[in-house]
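Below are the chains, spelled out letter by letter.
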Amino acid sequence: MALKKGYVATTKFLIASPTKVRPVARVVSRKSCTEALAILDNMPQKGAVLVKNTLKSAVANALQVSKNLDEDSLYVKEIRIDEGPRLKRVWFRARGRADQLLRRMCHITVIVDEKAGE
């Protein structure tokens, strides 16, 4: 799936399960950036902090590229939470056995764009 046009920020190789981060991203998708940041500030999940940092980076990229933009005129166009590689670790169990522990990673991509009416 190709990325939509807009101002993009990507954070890669975050140690968090994509299935735990996706519900957080779904809450703030298609909202204005200031409203999305306020929502993410008040969410208790670890994924909220990760998405918030990436969203801040996307807003900063947009303001850096286009000097005449205002932060209030930006909205979250798309948030993608992709699965990254998995760290495989040994988990020692009773009676000399071992299991495999998977530390899942995710890549967060945030695209912000200017509102159509602006």
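On a predicted model such as this, the values are computed, not experimentally measured, just so you know.

Enquirer: I'd like a description of the overall build of the protein, backed by residues and values.
Expert: Looking only at helices and strands, the protein features three helices and three strands. The order of helices and strands in the protein, counted from the N terminus, is β-α-α-α-β-β. Its C-alpha atoms give the protein a radius of gyration of 17 Å, clearly above 13 Å, the size a compact globule of 118 residues would have. Each of the 118 residues in the protein was classed as buried or not, and the buried ones make up 38%. Considering only contacts in the protein between residues 6 or more positions apart, those separated by 24 or more positions represent 71%. Split by element, the accessible area of the protein, about 7500 Å² in all, is 49% carbon and sulfur. Charged side chains in the protein number 23 positive and 12 negative. The centres of these two groups are separated by 14 Å.

Enquirer: Quick rundown of the sheet that holds strand β3 (residues 98-114)? Include the residues and the values.
Expert: Pairing within the open sheet is antiparallel, and its three strands lie in the order β1-β3-β2. The sheet terminates laterally at β1 (7-14) and β2 (74-92), the two strands that pair on one side only. On average, each strand axis in the sheet is inclined to that of its neighbour by 10°, with strand direction left out of account. Here β1 runs beside β3; their pairing, made up of six bridges, is antiparallel. Considered in β3, the bridge of Leu14 is made with Cys106. Helix α3 (residues 46-65) rests against β1, β2 and β3 of the sheet, and its axis sits at about 145° to β1.

Enquirer: Can you explain the pairing of β3? Please cite residues and give values.
Expert: Pairing of β2 with β3 involves 16 bridges; the strand directions are antiparallel. Pairing of Val90 across the sheet is with Gln100, part of β3. The turn linking β2 back onto β3 is made up of five residues, and Arg95 within it adopts a positive phi angle of 60°.

Enquirer: Can you tell me about helix α2 (residues 33-41), naming the residues and giving the values?
Expert: Every buried residue of α2 is accounted for by Cys33, Ala36, Leu37 and Leu40. Seen from one end, α2 has its buried residues packed into an arc of 100°, which puts them on one side. Contacts made by the buried residues of α2 are with α1 (18-28), α3, β2 and β3.

Enquirer: Pulling in residues and values, what's your account of the environment of Asp82?
Expert: If you trace the backbone, Asp82 turns up in strand β2. Asp82 gets classed as partly exposed once you look at its relative accessible area, which sits at 26%. Spatially, the C-alpha atom of Asp82 lies 28 Å from that of Asp72, the residues being ten residues apart in sequence.

Enquirer: Account for α3, naming residues and giving values.
Expert: Taking 1.5 Å as the rise per residue, α3 with 20 residues should run 28 Å; its terminal C-alpha atoms sit 30 Å apart, in good agreement. For α3, every residue scored as buried is listed here: Gly47, Ala48, Leu50, Val51, Lys52, Thr54, Leu55, Ala58, Val59 and Ala62. Next to the buried residues of α3 lie β1, α1, α2, β2 and β3.

Cut-off values and rules
- Residues numbered from 1 in each chain as written.
- Predicted model: local features only at pLDDT ≥ 70, side-chain atom pairs only at ≥ 80, totals over all residues.
- Heavy atoms only, no water.
- Helix = DSSP H or I, 4+ residues; strand = E, 2+ residues; numbered from the N terminus.
- Rg over C-alpha atoms; globule rule 2.2 N^0.38 Å.
- Buried < 20%, exposed > 50% of the residue type's maximum accessible area, 1.4 Å probe, protein only.
- Contact = heavy atoms within 4.5 Å.
- Areas by Shrake-Rupley, 256 points an atom, 1.4 Å probe, with all protein chains shown as cover.
- Lys, Arg positive; Asp, Glu negative; His and termini not counted.
- Charge placed at Lys NZ, Arg CZ, Asp CG, Glu CD.
- Pairing = 2+ DSSP bridges.
- Axes fitted to C-alpha atoms, helices over the stretch in contact; angles between N-to-C directions.
- Arc of directions from axis to C-beta.
- Expected span 1.5 Å × (residues − 1).

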